[in-house]
Amino acid sequence: MKGRFITIEGIEGVGKTTNLEFIRHTLEAAGKPVVVTREPGGTPLGEEIRSLVLGHRDDGMASDTELLLMFAARAEHLARVIRPALEAGQWVLSDRFTDATYAYQGGGRGIIKGRISVLEQWVQGDLQPDLTLLLDLPVTLGLTRAGRRSAPDRFESEQTAFFERVRQAYLALAAQHPGRYRVIDASQPLDVVQHTIKHALSDFLAAS
Ligand code: TMP
């Protein structure tokens, strides 16, 4: 595959949306053709699954249902967006990917890793992001920032302890995959955060 696959991850309120735009501009300024997408979502079917898993109609959804829906959306996303774009030489920038499943369904909901990795292998084969930027900050700060936005979705309605588990799962993934991960301290002022992101992207671009 000629393109590159970059993902951005983190708990609620870390500033993914603002920084995603910054990353897109930085890559485009370096002459890279960028496709910005998100999970769950990124395709018409995936966006419908997103509404199902984020909405409150199915509060109390079984954890296995939630897990399988995330991977159903991902299978569609890979088949229709991610793989074709990478094969065409584009740079795919995704707001979340499978690490979010390990963090939320694994860390948050307590589903054992082995079940997630079976689905990961089935749906992705060997495809992994080339670079993952983890925006990290203390849970209480993230939730305060996220709380200033619209009405909380099904995940945002979880307790602090859930997000503590999600955050720790993300940090464990970063420690497990140091070559792919860059952990960014998102509690810093925005200009400092973006300076750090730019630095990580420069290193990646230089090596690509
Ligand atoms: P966000 O993209 O606006 O942050 O919202 C997506 C929500 O979905 C977020 O709370 C994390 C959650 N999620 C999972 O639980 N598992 C996944 O695999 C993905 C991609 C997202």
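The sections below set out a description of the structure shown in this document. (Residues numbered from 1 in each chain as written. Predicted model: local features only at pLDDT ≥ 70, side-chain atom pairs only at ≥ 80, totals over all residues. Heavy atoms only, no water.)

What follows is about the overall build of the protein. The number of helices and strands found in the protein is eight helices and five strands. Beginning at the N terminus, the succession of helices and strands in the protein can be written as β-α-β-α-α-β-α-α-β-α-α-β-α. On C-alpha atoms alone, the protein measures out to a radius of gyration of 16 Å, which is about the 17 Å that the 2.2 N^0.38 rule sets for 208 residues. Expressed along its principal axes, the backbone C-alpha trace of the protein runs to roughly 45 × 40 × 30 Å. The buried share among the 208 residues of the protein stands at 48%. Accessible surface, the protein as shown: approximately 9,800 Å² in total, 54% of it carbon and sulfur. When the 24 positive and 26 negative side-chain charges of the protein are each reduced to one mean point, those points stand 2 Å apart. (Helix = DSSP H or I, 4+ residues; strand = E, 2+ residues; numbered from the N terminus. Rg over C-alpha atoms; globule rule 2.2 N^0.38 Å. Buried < 20%, exposed > 50% of the residue type's maximum accessible area, 1.4 Å probe, protein only. Areas by Shrake-Rupley, 256 points an atom, 1.4 Å probe, with all protein chains shown as cover. Lys, Arg positive; Asp, Glu negative; His and termini not counted. Charge placed at Lys NZ, Arg CZ, Asp CG, Glu CD.)

Turning to the side chain of Thr26, a few remarks are in order. Looking at where Thr26 falls in the secondary structure, it is placed in helix 1 (residues 16-29). Since its relative accessible area comes to 14%, Thr26 is described here as buried. Once residues within four sequence positions are removed from consideration, Thr26 is found in contact with Lys198 and Leu201. (Contact = heavy atoms within 4.5 Å.)

Taken together, 14 residues surround the ligand, and among them Glu12, Arg50, Arg96, Thr101 and Gln105 come closest. Note that an oxygen atom of the ligand is positioned 3.2 Å from one of the side-chain N or O atoms of Lys16. One of the side-chain N or O atoms of Thr101 is found 2.6 Å from an oxygen atom in the ligand. Looking at the shell around the ligand, the elements that each hand over two or more residues are helix 2 (44-54), helix 3 (63-87) and helix 4 (98-108). (Near = heavy atom within 4 Å. Polar contact = N/O pair within 3.5 Å; in protein donor to acceptor, adjacent residues only side chain to side chain.)

With that out of the way, let us pick up the sheet that holds strand 1 (residues 4-9). Across the sheet, five strands lie side by side as 2-3-1-4-5; this open sheet has parallel pairing. Sheet topology places strand 2 (34-38) and strand 5 (181-185) at the edges, where each strand pairs with a single neighbour. Geometrically, the sheet is characterised by an average inter-axis angle of 20° between neighbouring strands, direction not taken into account. Both strand 2 and strand 3 (residues 91-95) contribute to a ladder of five bridges, which runs parallel. Each residue of the ladder has a partner; that of Val35, found in strand 3, is Val92. (Pairing = 2+ DSSP bridges. Axes fitted to C-alpha atoms, helices over the stretch in contact; angles between N-to-C directions.)

Once that is clear, we can look at the packing of aromatic side chains. Scanning the entire structure with this criterion turns up six aromatic pairs. Aromatic pair Trp91 and Phe204: ring centres 5.8 Å apart, planes at 80°, arrangement edge-to-face. Taken together, the residues Trp91 in strand 3 and Phe204 in helix 8 (residues 190-207) connect sequence positions 113 residues apart. For the residue pair Trp91 and Phe204, the accessibility class agrees, reading buried in each case. A ring pair is formed by Tyr104 and Phe155, whose centres lie 5.8 Å apart and whose planes are at 85°; its orientation type is edge-to-face. With Tyr104 in helix 4 and Phe155 in the loop between helix 6 (139-147) and helix 7 (160-176), this pair connects stretches of sequence that are 51 residues apart. (Phe/Tyr/Trp six-rings, centres within 6.5 Å; stacked < 30°, edge-to-face > 60°.)

A separate point is the pairing of strand 4 (residues 131-136). Along any regular strand, the residues point their side chains to alternate faces of the sheet. Within strand 4, six of the six residues are buried, which leaves it mostly tucked inside the rest of the structure. Residues Leu131, Leu133 and Leu135 point to one face of strand 4 and Thr132, Leu134 and Asp136 to the other, with burial holding for every one of them. Bridging between strand 1 and strand 4 involves four bridges; their strand directions are parallel. In the sheet register, Thr7 faces strand 4, and the bridge partner there is Thr132. Examined bridge by bridge, strand 4 and strand 5 share five bridges and lie parallel to one another. Pairing of Asp136 across the sheet is with Asp185, part of strand 5.

So, on to the environment of Glu156. Topologically, Glu156 is positioned in the loop between helix 6 and helix 7. By relative accessible area, Glu156 is classed as partly exposed at 22%. When the C-alpha positions of Glu156 and Pro129 are compared, they lie 26 Å apart, and in sequence the two are 27 residues distant. Non-local contacts of Glu156, meaning those with residues more than four positions away in its chain, are made with Glu12, Arg149, Ala151 and Phe163.

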